[in-house]
Amino acid sequence: MNRVYAAALLVGLSFWAGWEWRDRSADLAQSRQATKQAQAETKAVETARSAEHQQSDTLAKIGETHEQARAAAPAVADAVVADLRAGNLRLRDGWASCETQRLSDASAAARERDAAAQRRAEFAGAVVRAGRDADDQLAACQAVIRAYVAQ
């Protein structure tokens, strides 16, 4: 009878040891899989952050270039006004006569003609500045779109 109990105990212990070994092997495989998945997620996050930082740097450079162009815009408009006043730059006849259509040359005093010429020069400078601002804004927007498309 002792042999029967010993055999039953041996079979029971073998069954329990096999069960524990299978359970721990499954836990080990599951933990390896979880580790691989966590490493893949970490790599994906690092890649996304790297791309985000690169895009941020690109957009910062675009913004800096745009701000420099905006800061230079008044100088360009002022240079146009100065060149018009100095005679280095001339407006087309249709443009130059837009103010004088209201005044007849015979009745306009010399001072009024000079003031009209000065207003035309200032207006031309303002138009050049508005055009330059629009060009700078468009160039910055296009650069941002190119940066987004490049990724």
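Below is a short write-up of the structure.

1. With respect to the overall build of the protein chain
At step 1: From N to C terminus, the protein chain includes 3 helices and 0 strands.
At step 2: Relative to its full complement of 151 residues, the protein chain shows a buried share of 13%.
At step 3: Counted over contacts in the protein chain with a minimum sequence separation of 6, partners at least 24 positions apart contribute 81%.
At step 4: Only carbon and sulfur atoms are counted for the fraction: they give 57% of the accessible area of the protein chain, which is about 12,100 Å².

2. Describing the nonpolar core
Generally speaking, soluble globular proteins have nonpolar side chains that are buried together.
At step 1: Counting 5 residues, the largest nonpolar core is built from Val 80, Val 81, Leu 84, Ala 121 and Ala 124.
At step 2: Those elements giving two or more residues to this core turn out to be α1 (2-86) and α3 (110-150).
At step 3: Of the residues forming this core, the biggest block, 3 residues, is contributed by α1.
At step 4: Not counting residues up to four positions away in its chain, the partners in contact with Ala 121 are Val 81, Leu 84 and Arg 85.

3. Considering the environment of Arg 129
At step 1: Assignment of secondary structure puts Arg 129 in helix α3.
At step 2: Here the alpha-carbon distance between Arg 129 and Val 76, two residues 53 residues apart in the chain, equals 7.1 Å.
At step 3: Not counting residues within four places of it along the chain, the set of residues in contact with Arg 129 comprises Ala 73, Pro 74 and Ala 77.

4. Things to note about the layout of surface pockets
At step 1: A volume near 190 Å³ is recorded for the largest pocket.
At step 2: Lining the largest pocket are 10 residues, and of these Leu 84, Leu 91, Ala 117, Arg 120 and Ala 121 lie nearest its centre.
At step 3: Counting residues per element, the ones that place at least two in the lining of the largest pocket are α1 and α3.
At step 4: If one sorts the elements of the lining of the largest pocket by residue count, α3 sits on top with 4 residues.
At step 5: Looking at the lining of the largest pocket, its residues break down into 6 nonpolar, 1 polar and 3 charged.

5. Here's the deal with the pattern of salt bridges
At step 1: Taken as a whole, this structure holds 3 salt bridges when the rule is applied.
At step 2: Taking the shortest distance from any N to any O, the salt bridge between Asp 133 and Arg 129 comes out at 3.9 Å. Highlighted residues: Asp 133 and Arg 129, both in helix α3, separated by 4 residues, approximately one helical turn.
At step 3: With a relative accessible area of 31%, Asp 133 lands in the partly exposed category.

Rules behind the numbers
Residues numbered from 1 in each chain as written. Predicted model: local features only at pLDDT ≥ 70, side-chain atom pairs only at ≥ 80, totals over all residues. Heavy atoms only, no water. Helix = DSSP H or I, 4+ residues; strand = E, 2+ residues; numbered from the N terminus. Buried < 20%, exposed > 50% of the residue type's maximum accessible area, 1.4 Å probe, protein only. Contact = heavy atoms within 4.5 Å. Areas by Shrake-Rupley, 256 points an atom, 1.4 Å probe, with all protein chains shown as cover. Core = buried A, V, L, I, M, F, W, Y, C linked by side-chain atoms within 4.5 Å. 1 Å grid on protein atoms, 1.4 Å probe; cavity = no way out; pocket = protein on both sides within 12 Å on 5 of 7 lines; lining within 4 Å. Points joined across faces, edges and corners; volume = space filled by probe spheres on them. Nonpolar A, V, L, I, M, F, W, Y, C, P; charged D, E, K, R; others polar. Salt bridge = Lys/Arg side-chain N within 4 Å of Asp/Glu carboxyl O.

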